[in-house]
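Listed here are the chains, written in short residue letters.
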Amino acid sequence: MATYPRAVTRLIEAFRKLPGVGPKSAQRYAVHVLRASMDDARELADAILEVKTSIKPCKRCGNYTDTDLCSVCADPRRDPRSLCVVSYVRDLMAIERAGEFRGQYHVLGGVLSPADGIGPEDLTVGALIERVRDEHVTEVILATSPSVEGDATALYLARLLGAVPELEVTRLASGLPAGADLDYADQTTIAAALSGRRRLE
Amino acid sequence: MRERVLRTITLLRRDLGEADRLAVLLSREEGKVLASAKSSRKPNSRLAALIEPFVLADCRIIEGRGEIQRLAGGEVVEPFRGIRSDIERVARASLMAEIADQGTEPGSAAPRLFALLLDCLRLLAEGAAGPSIELYYLLHSSRLLGYGLSLDHCASCGGDLAGGELAMVPEVGGLACPACYTVAAGRWVDALSLERVRAYRHSRLRVALEIPLSNGQRKVWLDGLRAHVRYHMDVSLRSLDVLRSLER
Ligand SMILES: [Zn+2]
Ligand SMILES: [Zn+2]
């Protein structure tokens, strides 16, 4: 039985590690690269290396950046007293696309998910509490997804933040259906969820 | 292809491909059911709510070619929202679901495990004492899954367990009498709490929760049972690690 040369198999295996890519898609991508021009292939390889060498988490919020502070944190027009807490950078991007929110962000790096072994110490919970205290934040919007884990995370944080005086803690309003991923929601839905956010506790 | 409606409890769900999920469900009639839920990560999905963890639902399931079937629709019967109001409840419910998932194979009926899990989830959602619910679940699920802890006979010599200090030793299969275990390897349980935990065995959950156990006694039993379950299942239980860190 004929098989692909080693270099092709290596590329197929590399693609298979991408989320949502099965053996068939991996093979299709590898063949695509084989057929592509040298320039396109080099561009792909360079782009991969560039993100790995130049992108790091923002010191303050956890957003992706190639400098110390991300573009949101560095923007003087953004209100630092209003903090939107998201699970992942992709959720931050989804909210930015909706264009409604003018405050800053805090990226948790996930949700509390005991089934996956993820507890509070695996997220940037400590840094969030510190920021809220040190940066005189007056409003925290909890924008975790409306799932079991997202709700549990929001309520856990709300309880912790309840100890901070004169802080308003709100949660994205429903309209986002149960169990949906935030980054799949369209801009109108996110905008509506933001403007209809409600107080917790 | 065969289609039927099953009453299910969602044990867990995982992302699958671009926008799908794989759900692990528990049913009375068919035990564990693996079902894919197409596009269930999209906001307009009608399947997403059915496969949120710990949800009780009537699911329309279509047989697939292999082990994985297809979730075609259904209705939520009871979402047990009270569980998600507290991360410790979520961790405990996750532990119970993980044990049910790891301990069962698809296709064999599991009416008693289903009923046990349902009772425990209901009371967790109502806000009843989490540690006692967990103790009850560990005691009963381990019996249903074939590695029950004997509360009557020494796991080492087979003699009657009576008064005196007893050691909980997962490696010998459970409780050991003082003659068999004089070393400090085990967790010591006293005769009074043994009587009370025996009563857990024969009581319905709501009644069992009324049985008085001091926090100290309950902790010894809970630690011992967790070690027993972990030893016999021979897998790491991820939610147990999180639960422990929350308890610290
Ligand atoms: Zn930043
Ligand atoms: Zn003995």
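Novice: I'd like a description of the overall build of chain A, backed by residues and values.
Specialist: If you tally the helices and strands in chain A, you get seven helices and seven strands. The order of helices and strands in chain A, counted from the N terminus, is α-α-α-β-β-β-α-β-α-β-α-β-α-β. Projected onto the principal axes, the alpha-carbon positions of chain A cover approximately 70 × 35 × 35 Å. Out of the 201 residues belonging to chain A, those deemed buried represent 43%. Taking all contacts inside chain A whose residues are at least 6 apart in sequence as the whole, residues at least 24 apart take part in 56%. When the accessible surface of chain A is split by element, carbon and sulfur atoms take 54% of a total near 11200 Å².

Novice: I'd like a description of the confidence of the model for chain A, backed by residues and values.
Specialist: Summary statistics for chain A give a mean pLDDT of 90 and a share of 95% for residues scoring 70 or more. The secondary structure element of chain A with the lowest average pLDDT is helix 7 (residues 187–195) of chain A, at 73, and the one with the highest is strand 4 (residues 103–107) of chain A, at 97.

Novice: Which residues make up the coordination of the zinc ion (ligand 1), and what are the values?
Specialist: Residues and elements named next belong to chain A. Here the zinc ion (ligand 1) is held by the protein donor atoms C58 (SG), C61 (SG), C70 (SG) and C73 (SG), which lie 2.3 to 2.4 Å from it. Around the zinc ion (ligand 1) sit four donor atoms, and with donor-metal-donor angles ranging over 102 to 116° the site reads as tetrahedral. The sequence pattern formed by the donor residues of the zinc ion (ligand 1) is C-x2-C-x8-C-x2-C. Of the two residues examined, C70 and C73, each falls in the buried class.

Novice: Talk me through the domain arrangement of chain B; I want residue IDs and the actual numbers.
Specialist: All names here are of chain B. You can read the domains of chain B as domain 1 (3–79) and domain 2 (85–247). Inter-centroid distance (C-alpha atoms) of domain 1 to domain 2 is 29 Å. In this assembly, 18 residues from domain 1 lie in contact with 20 residues from domain 2. Between domain 1 and domain 2 the total buried area reaches about 1600 Å² when both faces are included, carbon and sulfur atoms providing 72% of it. By the criterion of area lost to domain 2, the three top residues of domain 1 are R28, K32 and F54, representing 40% of everything that side buries. Connecting domain 1 to domain 2 are one salt bridge. The salt bridge partner of K32 is D101, with a shortest N-O separation of 2.9 Å. Along the contact surface separating domain 1 from domain 2 lie five residue pairs in polar contact (both at pLDDT 80 or more). Taken together, the elements giving at least two residues each to the side of domain 1 that touches domain 2 come down to strand 1 (3–16), strand 2 (20–27) and strand 3 (31–37). Sort the elements by how many residues they give to the side of domain 1 that touches domain 2 and strand 1 lands first, with six residues. Split by residue class, the side of domain 1 that touches domain 2 holds eight nonpolar, three polar and seven charged.

Novice: Can you explain the pattern of salt bridges? Please cite residues and give values.
Specialist: Where charged atoms of side chains with opposite charge meet at close range, the side chains can pair. Throughout the structure, instances matching the rule amount to 35 salt bridges over all chains. Here D68(A) ties to K59(A) by a salt bridge, and the two come within 3.5 Å at their closest N and O atoms. Look at D68(A) and you get partly exposed, because its relative accessible area is 42%. The exposed category is assigned to K59(A), whose relative accessible area is 65%. One salt bridge in this structure joins D15(B) and R41(B), with 3.6 Å as the shortest N-O distance. With D15(B) in strand 1 and R41(B) in the loop between strand 3 and strand 4 (56–62), this pair connects stretches of sequence that are 26 residues apart. Through salt bridges with shared partners, one network takes in E149(A), D151(A), R171(A), R13(B), E52(B), R81(B) and R84(B).

Novice: I'd like a description of the domain arrangement of chain A, backed by residues and values.
Specialist: Taken domain by domain, chain A consists of domain 1 (6–54) and domain 2 (67–199). If you average the C-alpha positions of domain 1 of chain A and of domain 2 of chain A, the two centres end up 34 Å apart.

Novice: Describe the sheet that holds strand 3 (residues 79–86) of chain A, naming the residues involved and giving the relevant values.
Specialist: Two orientations exist for strands paired in a sheet by backbone hydrogen bonds: parallel and antiparallel. All names here are of chain A. As summarised here, the arrangement of the five strands in space is 4-3-5-6-7, forming an open sheet in which the pairing is mixed. Single-partner strands in this sheet number two, and they are strand 4 and strand 7 (198–199). Relative to strand 7, strand 6 (residues 168–171) runs antiparallel, the two sharing two bridges. Opposite T170, over in strand 7, you have R199 as the bridge partner. Along the sheet face, helix 5 (residues 125–134) touches strand 3, strand 4 and strand 5 (139–142) and points at about 155° away from the line of strand 4.

Novice: I'd love a proper account of the sheet that holds strand 4 of chain B, names of residues and values included.
Specialist: Residues and elements named next belong to chain B. Ordered by their spatial adjacency, five strands build a closed barrel running 1-2-3-5-4, and the pairing between neighbours is mixed. Each strand of the sheet is rotated relative to its neighbour by a mean of 50°, with strand direction disregarded. The sheet contact formed by strand 3 and strand 5 (residues 68–78) spans three bridges and is parallel. Residue pairing for strand 5: S36 is matched across the bridge by R70.

Novice: Tell me about helix 5 of chain A, residues and numbers included.
Specialist: Since one α-helical turn is 3.6 residues long, residues separated by three or four positions face the same way. All names here are of chain A. Along helix 5, the residues classified as buried are V125, L128, I129, R131 and V132. Mapping the buried residues of helix 5 onto a view down its axis gives an arc of 160°, with all of them on the same face. Along helix 5, exposed side chains directed more than 90 degrees from the buried face belong to E130 and D134. Once helix 5 ends, the next one or two residues include H136, with phi positive near 55°.

Novice: Can you explain a nonpolar patch on the surface? Please cite residues and give values.
Specialist: All names here are of chain A. On the surface, V51, I55 and Y64 cluster together to form a nonpolar patch covering roughly 290 Å² of accessible area. With respect to the element layout, V51 can be found in helix 3 (residues 38–54). A residue is classified by how much of its surface remains accessible, and V51, at 47% relative accessible area, is partly exposed.

Criteria and cut-off values
- Throughout, residues of each chain are indexed from 1 in the direction in which the sequence is written.
- As a convention, the first chain written is A and the first ligand written is 1, with the rest following in written order.
- Where local features are concerned, this predicted model is filtered to residues with pLDDT of at least 70; where side-chain atom pairs are given and counted, the filter is 80 or more; whole-chain, interface and lining totals use all residues.
- Here the side-chain values reflect all heavy atoms present in the structure, with hydrogen atoms and water set aside.
- Put simply, DSSP marks the helices as runs of H or I at least four residues long and the strands as runs of E at least two long, and each gets a number from the N terminus on.
- Using a 1.4 Å probe on the protein chains alone, a residue whose accessible area is under 20% of its type maximum counts as buried, one over 50% counts as exposed, and one in between counts as partly exposed.
- It only takes one pair of heavy atoms within 4.5 Å for two residues to be counted as in contact.
- For the accessible areas, the method is Shrake-Rupley and the probe is 1.4 Å, while residue cover comes only from the protein chains on display.
- Known as pLDDT, the predictor's confidence for each residue is given on a scale from 0 to 100.
- Note that water is not among the atoms considered, so a metal site may appear incomplete; the donors listed are N, O and S atoms within 2.8 Å of the metal, with 3.2 Å applied to Na, K and Ca.
- Under the classification used here, a metal with four donors is tetrahedral if each angle lies between 85 and 135 degrees, square planar if opposite donors are over 155 degrees apart and the others between 65 and 115, a six-donor metal meeting that same test is octahedral, and anything else is irregular.
- Domain segmentation is taken from an automatic or database assignment of domains.
- Buried surface area refers to the total accessible area, computed with a probe of radius 1.4 Å, that the two partners give up upon joining, counted for both partners together.
- Only one rule defines a salt bridge in this text: a Lys or Arg side-chain nitrogen within 4 Å of an Asp or Glu carboxyl oxygen.
- N or O atoms within 3.5 Å of each other form a polar contact, as long as, within protein, one can give a hydrogen and the other can take it, and as long as residues adjacent in sequence are counted only when both atoms are side-chain atoms.
- When residues are sorted by character, Ala, Val, Leu, Ile, Met, Phe, Trp, Tyr, Cys and Pro go into the nonpolar class, Asp, Glu, Lys and Arg into the charged class, and all the rest, Gly among them, into the polar class.
- Here the rule is simple: two strands pair whenever DSSP picks up at least two bridges between them.
- Axis angles are defined between N-to-C directions and span 0 to 180 degrees, where every axis is a line fitted to C-alpha atoms and, for a helix, only to the segment in contact.
- Within this analysis, the arc is defined by the directions that extend from the helix axis to the C-beta atoms.
- Residues with no salt bridge and a relative accessible area higher than 30% make up the patches, which join like charges within 9 Å and nonpolar side chains (Val, Leu, Ile, Met, Phe, Trp, Tyr) within 5 Å.

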